[in-house]
Each structure stands twice: as structure tokens, then as C-alpha cells.
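Architecture at a glance
In case you want the letters, here they are:
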Amino acid sequence: MRAILTTIDRRVRRRGPRSRGQSLVEFALILPVFLLFFGAVLDLGRVAAAQVTVTNVAREAAFQARLTPTDFDNTQGCPAGGESNVIICRALLEAKNSPVTVAPADVSLTCNPACTSGLGNMVTVTVVGHFKLITPILSAFFGGNQDLQFTASSTHQVDTLPTTAAAAVPTPTPTPTPSASASATPTPTPTSPSCVLPSAGFTHTATPSSLSAPVSVTVTDTSTSTSCGITSWYWLIKKGGSNWFFSSDQSPSVPSFATPGTYRITLTVTNAAGSNTTGAIEIKVVP
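Position labels on residues start from 1 in each chain and follow its written sequence. Local features in this predicted model are restricted to residues whose pLDDT is 70 or higher, and side-chain atom pairs enter the listing and the counts only when it is 80 or higher, whereas totals over whole chains, interfaces and linings include all residues. In computing side-chain properties, one takes all heavy atoms of the structure into account and sets aside hydrogens as well as water.

Further remarks concern the overall build of the chain. A helix here means a DSSP run of H or I that spans at least four residues, while a strand means a run of E at least two residues long, and both kinds are numbered starting from the N terminus. Regarding its fold elements, the chain presents two helices and ten strands. Taken from N to C terminus, the helices and strands of the chain fall in the order α-α-β-β-β-β-β-β-β-β-β-β. Out of the 287 residues belonging to the chain, those deemed buried represent 31%. Total accessible area on the chain stands at roughly 17,700 Å², and carbon and sulfur atoms take up 59% of it. Only protein chains enter the area calculation, which uses a 1.4 Å probe; residues under 20% of their type maximum are buried, those over 50% are exposed, and those in between are partly exposed. Here, Shrake-Rupley sampling with a 1.4 Å probe gives the accessible areas, and only protein chains in the shown set may cover a residue.

Written out as C-alpha cells, the structure reads:
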């Protein structure tokens, strides 16, 4: 009996190493298939991210183009400091650290009918992004190509400067003519108070609080006009000595301050009596 148990124990011990070896062989066979499948799933997510990135690049570049439609040269990159060629700078900054490659030559700009301030003048920015697949599985859905291109366009109205309302011209009061006969004294008609200049003002918030580029800025109009309504708003942001952003909206969407420097914000409001401008608020953006 003892001899039989010893024989069975030896057979069981022999089967253990053979079973582990078989598992390793099966794992080695299925591992490449698993990695290929994982790469295909990863590529699918990267393709979706690439399409969103190209759309965002076109939108950001067009947003800048509506402010400075003539500051564009797709034969040059973004200069140090981003003081010029700001449309290209905005596009390259949005594409940075993404799975898509965008070169200055991949950005094109057209205006219809003109790249000047005026109602009806539209600017369109078109961006071509380059993307490379990791695995060949998804390339079957793109004609066998692993190097893909995604194109997106965005159109905006070129910003138009507001016109200042003309000051109200007083109507001369006629001189009364004396009459020989006595007449009843007319009852005075109450008049509304005359329109006076508005009081311009606004508040702002900047994120992050460290003011490290890029900085997102939100402005809120707090202007008042006690005797007549405000007819127009004019926001102006200067960087250095140049106009960097302007808008005639009461609550404008201010583009992010992408490069270091000192940005000065002012607001001019107008009513029937004239215009009033705030003092400049400075925001110093650091690297």
C-alpha cells in the first residue's frame, strides 16, 4: 500500500512542472494579441482626441483673427514673446502637448469681403492637423494609412469699433413777444432732468492668482447712468503700447493672456450726453 501511494505522489509531482510550463506557453501566445487589441483601443481614443484638438485650434485662431485679422504670416513661426503673428501663436499654443502636429503652414486665413473692421466682414481660419496611429488595425478604416490628417474651420465676424453717440443739441427757447392785452399765466409743465455723463466702471478676476501664463481674465461692467441709458460700451486691452483686444459687447469674452507682459484694461461707456472712460487696470503676467 505504501509503495502505491509513493508512486502516485511521484506522478503528481511530475505533472506540476508540465502544467506551469503549458500556462507560460499559452500566455506567450496570447500576449501579442492582447497588446495589439489594447493598442487599437488606445488609438481609437487618440483619434477622437485629435479631432477635438484640431477643432479647438481652428476656433482659438479664428477668435484671435477677428481681433487682428491682418497680423498673420503662415510662413513664419511664433516669435519670442508672441508680440506679433499672434494668430499663428494662438494656434500653435492650442496644439501644444497634444497628439496632433500643427505647423504654421497648416494654418490658412481668408476674409470675405475684406480683412478690415466693418459690419459683414467675416474671417475664416482653416487648420490641418497631422496625426499618426500606433497600430495598423485602425488604418484599415482610413484606406490603409497610419499617417492621418484632420481639417477644421472656424468663422467669425471681424470686430467693429463702436460709434460714439452725438451729443444732444439744445433746442433754442423762443423769446416771448409782449402783448398789449393781459393774458393768463400758463401753468409750467414739469420737465425731466437733463441727461448727464455716465459713470464708467468694471471689476475683473484673473486665474490663476499667481498670474503665470496663460491667464484667464473675466471682466464685469459696473457702469451707471442715472438720468439716461448707456448706449455703447468699448473695452480696450493694450499690451505694451499696442492695442491687443477690443470689444463693443457689454460682457465680452476676453481671450486668455497667453504670453508674459503687462496688460492694461480700460472701459469707455457712452450715453446721449457723451462718453466716460475708466482708469487703466494693469495685469502683469509672468512666465
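Further remarks concern the sheet that holds strand β3 (residues 147–157). The criterion for strand pairing is that DSSP finds at least two bridges linking the strands in question. Strand order in this open sheet of three strands is β1-β2-β3, and the pairing throughout is antiparallel. The strands lining the two open edges of the sheet, one partner per strand, are β1 (107–112) and β3. Here the strands of the sheet are splayed against their neighbours by 20° on average, with no regard to which way each runs. For strand β2 (residues 122–132) and β3, the ladder comprises eleven bridges, and the chain directions are antiparallel. Counted as the bridge partner of glycine 129 is phenylalanine 150 from β3. Fitted lines through C-alpha atoms serve as axes, helices being fitted only where they are in contact, and the angles separating the N-to-C directions of these axes extend from 0 to 180 degrees.

A word on unusual backbone geometry. For the peptide bond that leads from asparagine 112 to proline 113, omega is 0°, which places it in the cis range. For proline 113, the position within the fold is in the loop between β1 and β2. In this model, threonine 207 is joined to proline 208 through a cis peptide bond whose omega is 0°. Within the secondary structure, proline 208 is located in the loop between β4 (202–207) and β5 (216–221). A positive phi angle is found at asparagine 97, which is not glycine, with a value near 60°. Within the secondary structure layout, asparagine 97 lies in the loop between α2 (86–95) and β1.

To continue, consider the pairing of strand β8 (residues 261–271). Across the eleven residues that make up β8, a large majority, eight, are buried. By the bridge criterion, eight bridges tie strand β6 (residues 232–239) to β8 in an arrangement that is antiparallel. What sits directly across from isoleucine 237, in β8, is isoleucine 265. Here five bridges tie β8 to strand β10 (residues 281–285), and the two strands are oriented antiparallel to one another. Within β10, the residue paired with tyrosine 263 across the bridge is isoleucine 283. With four bridges connecting them, β8 and strand β9 (residues 274–277) associate as antiparallel partners. Note on β9: the bridge partner recorded for threonine 268 is threonine 277.

Here we come to the nonpolar core. One finds Val107, Val125, Val127, Phe131 and Phe150 to be the most contacted residues of the largest nonpolar core, which totals 26 residues. Of all elements in the fold, only α1 (2–65), α2, β1, β2 and β3 reach the threshold of two or more residues within this core. Of all the elements, α1 adds the most residues to this core, at eight residues. Ala200, Phe202, Val254 and Val285 belong to the second largest nonpolar core, which has 20 residues in total. Take the buried residues of types Ala, Val, Leu, Ile, Met, Phe, Trp, Tyr and Cys, join any two whose side-chain atoms come within 4.5 Å, and each joined set is a nonpolar core.

Salt bridge, as used here, is a side-chain nitrogen of Lys or Arg placed within 4 Å of a carboxyl oxygen of Asp or Glu. Under the criterion given, the structure shown has seven salt bridges. Residues arginine 59 and glutamate 60 are paired through a salt bridge, measuring 3.4 Å at the closest nitrogen-oxygen approach. Looking at glutamate 60, the relative accessible area reads 18%, which means it is buried. Of the charged contacts, one joins lysine 239 and glutamate 83 as a salt bridge, the two residues approaching to 3.6 Å between their closest N and O atoms. On the criterion of sequence distance, the pair formed by lysine 239 in strand β6 and glutamate 83 in the loop between α1 and α2 is long-range, its members being 156 residues apart. What makes glutamate 83 exposed here is its relative accessible area of 52%.

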